[in-house]
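Descriptive analysis of the structure
This is what each chain is made of:
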Amino acid sequence: MSLTQKRVFAILLFVSIIYFSLFIFPNNTGAKDQMMISLFEPDEFAQYPVVTKMLTPRETLDKTILNFVAYRHYYYGSTFYFSSALTILPIKLAEGLRNTQLNMLLLRQVISVLPMLAALLLLTFTQTKFNSYAKSIALFVLLLSVSAVVENNMWWHVDSLAVFFVALTFFFLDKDDLRFGRDFHLAAASTGLGVGTKVIGLFFFLAIPTYLLVGVTRKQITWRTMFIRAVSFVGIMAAAVLISNPFLVFPSQFARMIRIMTQQSQAMSAGWTLAYAKGPGSWLPIIEELYGQLIFIALAFIVLALGIWRGRNRTLHLLIAMWSIPFGLYVLYAIAIKPTHFFLPILLPVFSSLVVLFEFPPFATDQPRKPVAWLFGALILAVVVYQFAIYVNKDIQMYREVLAREEHEESLVFYSVLENDYLPRLQTDEKLVVFRDVRMYFPDDSRWVVRSYWNSKYSTIEEIKPDLIILWSQRILDYTQEDAQENAVDPAAFQDTHQFYVDADHDQLRGYRLVYRDAEGLFFASDEIYDEFFR
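Residues numbered from 1 in each chain as written. Predicted model: local features only at pLDDT ≥ 70, side-chain atom pairs only at ≥ 80, totals over all residues. Heavy atoms only, no water.

A short note on the overall build of the protein chain
Let me state the cut-off plainly: Elements are defined by DSSP. Helices are runs of H or I of four residues or more, strands are runs of E of two residues or more, and each kind is numbered from the N terminus. The globule rule is 2.2 Å times the number of residues to the power 0.38, and the radius of gyration it is compared with is taken over C-alpha atoms. With a 1.4 Å probe rolled over the protein chains alone, any residue whose accessible area is under 20% of its type maximum counts as buried; one over 50% counts as exposed, and the rest are partly exposed. Note on definitions: a residue-residue contact is assigned when non-hydrogen atoms from the two residues lie within 4.5 Å. Residue exposure ignores everything except the shown protein chains as possible cover, and the areas themselves are Shrake-Rupley values with a 1.4 Å probe.
Within the protein chain, the regular secondary structure consists of 25 helices and five strands. By the compact-globule yardstick of 24 Å for 535 residues, the protein chain fits well, its C-alpha radius of gyration being 26 Å. Seen through its C-alpha atoms, the protein chain measures out along the principal axes to roughly 85 × 55 × 50 Å. Counting over 535 residues, the protein chain shows a buried share of 53%. Once local pairs closer than 6 in sequence are excluded, the contacts in the protein chain between residues at least 24 apart make up 72%. In the structure as shown, the protein chain presents an accessible area of about 24300 Å², 62% of it carried by carbon and sulfur atoms.

As for the environment of Asn-455
Note the following rule: Polar contact is the term for a pair of N or O atoms within 3.5 Å; when the atoms are in protein, one must be able to donate a hydrogen and the other to accept it, and sequence-neighboring residues count only if both atoms are side-chain atoms.
Here Asn-455 shows up in the loop between β2 (448-453) and α22 (458-464). Accessibility expressed as a relative area gives 24% for Asn-455, which makes it partly exposed. Separated by 20 residues in sequence, Asn-455 and Arg-475 have C-alpha atoms that sit 7.5 Å apart. Beyond its immediate sequence surroundings of up to four residues, Asn-455 is in contact with Thr-273, Phe-435, Arg-475, Tyr-479 and Tyr-501. Here the side chain of Asn-455 touches Thr-273 through a polar contact of 3.2 Å, side chain to side chain. Of note is the side chain of Asn-455, whose polar atom sits 3.4 Å from the side chain of Tyr-479.

Some remarks on the side chain of Arg-475
One can find Arg-475 in helix α23 (residues 473-480). The residues contacting Arg-475, other than those within four sequence positions of it, are Asp-437, Val-438, Arg-439, Trp-454, Asn-455 and Tyr-501.

Topic: the pattern of salt bridges
Convention followed: Here, a salt bridge means any side-chain nitrogen of Lys or Arg that lies within 4 Å of a carboxyl oxygen of Asp or Glu.
Tallied over the full model, the rule gives 11 salt bridges. In this structure, Glu-406 and Lys-32 form a salt bridge, with 2.4 Å as the shortest nitrogen-oxygen distance. Separated by 374 residues along the polypeptide, Glu-406 in helix α20 (residues 405-408) and Lys-32 in the loop between α2 (24-27) and α3 (34-40) bring together distant segments of the chain.

Structural notes on the sheet that holds strand β3 (residues 468-472)
The line we're drawing: DSSP calls a pair of strands paired once it identifies at least 2 bridges connecting them. For helices, the fitted axis covers only the stretch in contact; all axes are lines through C-alpha atoms, and the angles between them, taken along N-to-C directions, range from 0 to 180 degrees.
Taken in spatial order, the five strands make up an open sheet running β2-β1-β3-β5-β4, and their pairing is mixed. Looking at the sheet topology across the chains shown, the edges are occupied by β2 and β4 (512-517). Between one strand axis and the next, the sheet turns through 20° on average, direction left out of account. On top of the sheet, α23 reaches β1 (432-437), β3 and β5 (521-526); it is set at about 70° to β3, its chief contact.

As structure tokens, this is what we get:
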């Protein structure tokens, strides 16, 4: 590396350290115990027991290893769960996993913030090579400020790792520079890691053939060599998937993974319980709130096209287009649920190509600057600065909200009422069973066993026979609205759910009586418990 590159890297590393440290404060909230996690991030609540179970020793060494490898929650790949487990392993060895808040802080920082920083550094280096202070710092800071990035940094999820492997693939392809050597094969491995982590690596299905065809058209390789390299790429990619997900060697776990992926795909294309709207219009509010105004996103794609047409690194910009456009269209038209992080691996590489602006007047210092260029430059700069200001304003808002989320969480207020006014009445030696909606706080206690569910129905209640039921008011509102049955993914199966929530709303829940209700939740006790303690 040249002296300039080293200095640029040092500056960006310094910025990264400060940025990383800033997220310690919000990421240290919302996890005083395991039940509290679900109030703010239900996905974290689903993932956390998987990691703690992986770190629980079994009777023998081989059973302990199998328990670690075959973790069963195959919504995400082993790279996510292995790295998560290893992150809190030192805590497990030192003091056990009793300190949920510390564990979640480490998981959010190490698995979300750190890989995202690495991904954005990679994108910045791939685009600028750290040869320019202005380009490198401006691009890196812009990418750090994207509100979807900031939001994603404040939870523990797989997406930062997925973005990292996407950025790593672009880095290796750019470094390979049509030589189709070691770096091309490393790109295949990183693509495989992307596939094995969250499937999204498969969306390089146009970018890689495009890269091979560019090599042929520029006479870097022959058609025969292209075929050989294509086969080797697929082979290395498949090997990376298998090696990074060792549970795949067990037929029962492979079958379980296929079943989970099939169910997940169906839910993503239709919705969870209720059908969701599809199409660009349904995504527009999320995109504008967290990724940018349409004029900014349009500018990014125009600049990407300019980079393909006349940029200094046309191949890189072409690969980004071949990655982002098919993936983006798939999300816009095929995905019904609306996770806000889905566009991170799509739009961040596109935004990174904004550095192409520095190659043309008036931003390029080595080209003549005509008055019309100054005019266009001023307009473009205004759009970028305006978007940056929107990002920062939204980022500060989200940061403050997460920082103070425990103070403003109504479910905690609901539980404090139960704890002070109702739960002390339960004077019994019998261990009670509590059903709770995952969005309602009810901590574990020696007095009861807490069963957590995302929604409910009479058949579930009849199966677990809880003594107490805690429901979330918003769930009742969602599932009892006039068109709920019409919009159900499976109307026949939804009937039981619908009737359960209708009855709960009217205090007609079969076998249960309403003890307490406020705007946030409802507290029911079985007829027997009600008659003995609450009448």
